[in-house]
Amino acid sequence: MQHGKYRFIVGFLALPLIIYAIFVISPFVQAFQISMTDWSGLVGTAQFVGLDNFEKLWDSDDFWNALRHNIYMLALVPVVTLGLGLFFAFMLNVGGRRRKNEVVTGVAGSKLYKFVFFFPQVISITIIAVIWFNIYNPDPQDGMLNSLLGAVGLDSLQNSWLGEKSLALWCISAVMVWGHVGFYVVLFSAAMASIPRDIYEAALLDGANRFHTFFKITLPLLWDTVQTGWVYMGIIALDAFALVQIMSVNMGGPDGATDVMPLRLYLTAFRDSQFGYASAMGIAMLIVTMTFAVLTMRFARRERIEY
Amino acid sequence: MTTEEIETVAKLDTPATVPAKLGPTNGRSSEGSVLNVFSHGILIVWALMVGVPLLWVLWSAFKDSNGILTDPWGLPTVLHWENWSNAWNDANMGQYFINTVIVVGGSVIGTMVLGSMAAYVLARFTFPGNRFIYYLFVAGMSFPVFMLVIPLFFVLRDFPGSSLLATYHGLILVYIAYSLPFTVFFMTAFFRTLPTTVAEAAMIDGASHTRTFFQVMLPMAKPGLISIGIFNFLGQWNQYLLPMVLNQQEDKYVLTQGLAMIALQQGYENDWGALMAGMMIAMLPVLVVYTIFQRQVQSGLTAGALK
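(A) Molecular detail of the confidence of the model for chain A. When pLDDT is averaged along chain A, the result is 84, and 92% of the positions lie at 70 or above. At the low end of the mean pLDDT range in chain A sits helix 6 (residues 144-151) of chain A, at 78; at the high end sits helix 1 (residues 5-34) of chain A, at 91.

(B) Representation of the packing of helix 5 (residues 125-135) of chain A against helix 14 (residues 272-292) of chain B within the structure. For the pair helix 5 of chain A and helix 14 of chain B, the least separation of the axes is 11 Å and the interaxial angle reads 145°. Taken as a pair, helix 5 of chain A and helix 14 of chain B cross one another with a handedness that is left-handed. Of helix 14 of chain B, the residues touching helix 5 of chain A (which contributes I127, V130, I131 and N134 of chain A) are W272, L275, M276, M279, A282 and M283 of chain B. Here the contact of helix 5 of chain A with helix 14 of chain B is built from residues that sort into nine nonpolar, one polar and no charged.

(C) Structural view of the pattern of salt bridges. All names here are of chain A. Tallied over the entire structure, the rule returns three salt bridges over all chains. Residue R264 is joined to D259 by a salt bridge in which the shortest nitrogen-to-oxygen separation is 2.5 Å. With respect to burial, R264 and D259 carry one shared label: buried. Note that D272 is salt-bridged to R271, the shortest N-O span being 2.9 Å. For D272, a relative accessible area of 34% corresponds to the partly exposed category.

(D) Highlighting the interface of chain B and chain A. Counting residues at the interface gives 107 residues for chain B and 100 residues for chain A. Both faces combined, the contact of chain B with chain A buries some 9,300 Å², and carbon together with sulfur accounts for 79% of it. The largest share of the area that chain B buries against chain A comes from W46, F146 and M147 of chain B, three residues that together contribute 9% of it. Our enumeration of links across chain B and chain A arrives at zero salt bridges. On the surface where chain B and chain A come into contact, there are eleven residue pairs in polar contact (both at pLDDT 80 or more). Of the residues belonging to the side of chain B that touches chain A, the class tally is 81 nonpolar, 19 polar and seven charged.

About the cut-offs
- Residues numbered from 1 in each chain as written.
- Chains lettered and ligands numbered in written order.
- Predicted model: local features only at pLDDT ≥ 70, side-chain atom pairs only at ≥ 80, totals over all residues.
- Heavy atoms only, no water.
- pLDDT = per-residue confidence, 0-100.
- Helix = DSSP H or I, 4+ residues; strand = E, 2+ residues; numbered from the N terminus.
- Axes fitted to C-alpha atoms, helices over the stretch in contact; angles between N-to-C directions.
- Left-handed = near helix turned anticlockwise from the far one by under 90°.
- Contact = heavy atoms within 4.5 Å.
- Nonpolar A, V, L, I, M, F, W, Y, C, P; charged D, E, K, R; others polar.
- Salt bridge = Lys/Arg side-chain N within 4 Å of Asp/Glu carboxyl O.
- Buried < 20%, exposed > 50% of the residue type's maximum accessible area, 1.4 Å probe, protein only.
- Buried area = accessible area lost by both parts, 1.4 Å probe.
- Polar contact = N/O pair within 3.5 Å; in protein donor to acceptor, adjacent residues only side chain to side chain.

This is the structure in structure tokens:
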């Protein structure tokens, strides 16, 4: 068995490791290095400037503005998405109780619902952005949302959506929710399927209604999954790059109302060629993301329930 | 409180049957039917909110620009098949489609081969550094891609020999590198679950380590390979940020870039029908894969969140 073992190990690991080291590990290390230079990328000479880029970032109103928008999304989008996901998953798996011989069952057609709900998860974010750009089209005839509102007599609610400074960010957040609810329906469905049926049976015999069943049984037993989903959705809310880049007026507009950190980084690097400064933004984003993940894990921790 | 009261009353009315069955006869059905109408209502509304925009793309792909803009909700009166050839030829979607197939084809195969090779060695052999290499790969799952794109751009631009920017093999290598962390993580867990006896029997029969891997272990790992293969296919087909930064040459664009470019440049006089047909061209492979492999897609993607 030992014959040629090490030659085999080296042979199988070498290529994956080399590719991974060149394209993932080395950029990770270089990001820190570049963030401390004034590199403009065009000429090969970069001056070491220490923490100057970070000071500049701290004083930058633009970056704080973008960060604030990401924080708004972080506070709103995961709550709504996971809330809807939990609600739908509960309806599809535990909500129906009309069939004989089965105590706990989903509503009729739950497979079809899951299939449809999950759809946005498999299509490209570019396509989602283009579709919603057309839904939000401000023209009362052309825009799907406005023409729908007009058709049902709610003309007063017609709006310029993405063009309206106070609404644009929430319009983009709504797309994020729309795109991810189905994912959580499937995720929570899988977790609910592993909850033993007899727990529900016992609760039903004790006279629990659906409201109690959800808050006293399903949610506590799902808590680990909810927590992981929260971190995952939070990271998505801290991104939002493709949606903002494609949908928003003038990339991050109107008037900076939808600017987000990744867009700022992208424009600073690849439009303004300030690679050192943009790298400092990348490090700042890493810190924000890590802080969020650690805080969530810390505050959401509860006693594990064994079953 | 009211539902509880109703339930209590209902239970008192039918004392003999309560412990025996929980079917529609024991008074719960009244709560059930009201709630079922309500929950079905919400489920249907959400299904429409997801389904209608996607169907809208499909039927708009057969309308002329005028029809899309003046009557966004109307069905096509005449089927404008020319939208599809306009998208394929004039809007270059054909070229982008071929580029995407080459890049995604190469990188899915590369990721699967290299990822399972590394995972097999890490799962089945003990050698110094095994844990370190495993965690090095797994750590890659938590690096935000945004932080890495700036250094990555220069790694590709200054690659020894020739620049890898806007080349097929450059993109393929990058896609492989960024898919390796999850693939290695997933496949390592999978190889650990496979029985050792079959591999040992093959070795006793004189098969080399390499031969055992390709002819015995890989076929046994087929279910895992399918799940992770679909996961990688969807992720790489829909990839947006990496090609945006590393592939800024129009004749090498992938579908997501091509669509974003057309959508961003689209004035109101342009060919909307072709844009919609282009979106269908970009979505079709994904829709086919999702419809055939729904179960694997859903479990594969949700496994990705629980990494």
